[in-house]
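Report on the structure
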Amino acid sequence: MYVDGYVLAVPESKLADYRKMARKGGKIWKEYGALEYMETVEDDVKPGKLTSFPQAVKRKPGELVVFSWIIYKSKAQRDRINAKVMKDPRLAEFADPKKLPFDGKRMFWGGFKPIVTM
């Protein structure tokens, strides 16, 4: 298995727009073979002394932290799926960073190899 993880801040006023975008993206990722696609919004996150989810995305008043992940069979499969997703014309409307319902400059992501699965 292989996991891509994402963390970002979404203005509360744009959460419905983000959810619409995420549903569309999730369907496309799953269509191309992703095993699981999950988008979650903060419920119990607090600023820490040194670091935390709110601090990592420089959360501003009126914003919510979103934590998301996509699970694949392997890193190679992830690479193939992401190449197809990035070329999919159904996502073209999200290519312009100014039209996104969040500030992409404060988003972070990465790929992870599981070390424990249950």
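Higher on the page you've got the structure.
The sections below set out a description of the structure shown in this document. (Residues numbered from 1 in each chain as written. Predicted model: local features only at pLDDT ≥ 70, side-chain atom pairs only at ≥ 80, totals over all residues. Heavy atoms only, no water.)

Right, let's get into unusual backbone geometry. Positioned with a positive phi, Lys58 is a non-glycine residue whose angle comes to about 50°. Here Lys58 lies in the loop between α2 (53-56) and β3 (63-72). (Helix = DSSP H or I, 4+ residues; strand = E, 2+ residues; numbered from the N terminus.)

Within the structure shown, the criterion is met by four aromatic pairs. Ring geometry for Phe53 versus Phe67: centroids 5.7 Å apart, planes at 45°, classification tilted. Here the residue Phe53 occupies a position in helix α2, and Phe67 occupies one in strand β3, the gap between them amounting to 14 residues. On the accessibility criterion, Phe53 (36% relative accessible area) is partly exposed. With centroids separated by 5.2 Å and ring planes inclined at 50°, the aromatic side chains of Phe67 and Trp69 adopt a geometry described as tilted. The exposure class assigned to Phe67 is partly exposed, which follows from its relative accessible area of 36%. Ring-pair connections join several aromatic residues into one group, and the members of that group are Phe53, Phe67 and Trp69. (Phe/Tyr/Trp six-rings, centres within 6.5 Å; stacked < 30°, edge-to-face > 60°. Buried < 20%, exposed > 50% of the residue type's maximum accessible area, 1.4 Å probe, protein only.)

Another point: the pattern of salt bridges. Pairing between side chains becomes possible if they bear opposite charge and their charged atoms approach one another. Counted under the stated rule, the structure contains nine salt bridges. As a salt-bridge pair, Lys24 and Glu93 come within 2.5 Å of each other at their nearest N and O atoms. Placement of the pair is Lys24 in helix α1 (residues 15-31) and Glu93 in the loop between α3 (75-87) and β4 (108-112), with a sequence separation of 69 residues. One salt bridge in this structure joins Arg90 and Glu31, with 3.0 Å as the shortest N-O distance. Of this pair, Arg90 sits in the loop between α3 and β4 while Glu31 sits in helix α1; the two residues are 59 residues apart in sequence, bridging distant segments of the chain. (Salt bridge = Lys/Arg side-chain N within 4 Å of Asp/Glu carboxyl O.)

What follows deals with the nonpolar core. Leu8, Val10, Tyr18, Trp29 and Phe102 are the most contacted members of the largest nonpolar core, which has 19 residues in total. Of all the secondary-structure elements, those providing two or more residues to this core are β1 (2-11), α1, β3 and α3. Broken down by element, the residue count for this core peaks at six residues, all from α1. (Core = buried A, V, L, I, M, F, W, Y, C linked by side-chain atoms within 4.5 Å.)

Next up on the list: the layout of surface pockets. Looking at the largest pocket, its volume works out to about 730 Å³. Considering the residues around the largest pocket, the lining is formed by 28 residues, among which Tyr6, Trp29, Met86, Phe102 and Met107 are closest to the centre. For the lining of the largest pocket, the elements supplying multiple residues, two or more each, are β1, α1, β2 (36-41), β3 and α3. Among the elements that line the lining of the largest pocket, the one with the most residues is α1, at five residues. (1 Å grid on protein atoms, 1.4 Å probe; cavity = no way out; pocket = protein on both sides within 12 Å on 5 of 7 lines; lining within 4 Å. Points joined across faces, edges and corners; volume = space filled by probe spheres on them.)

Everything listed is a geometric property; what it means functionally is a separate question.
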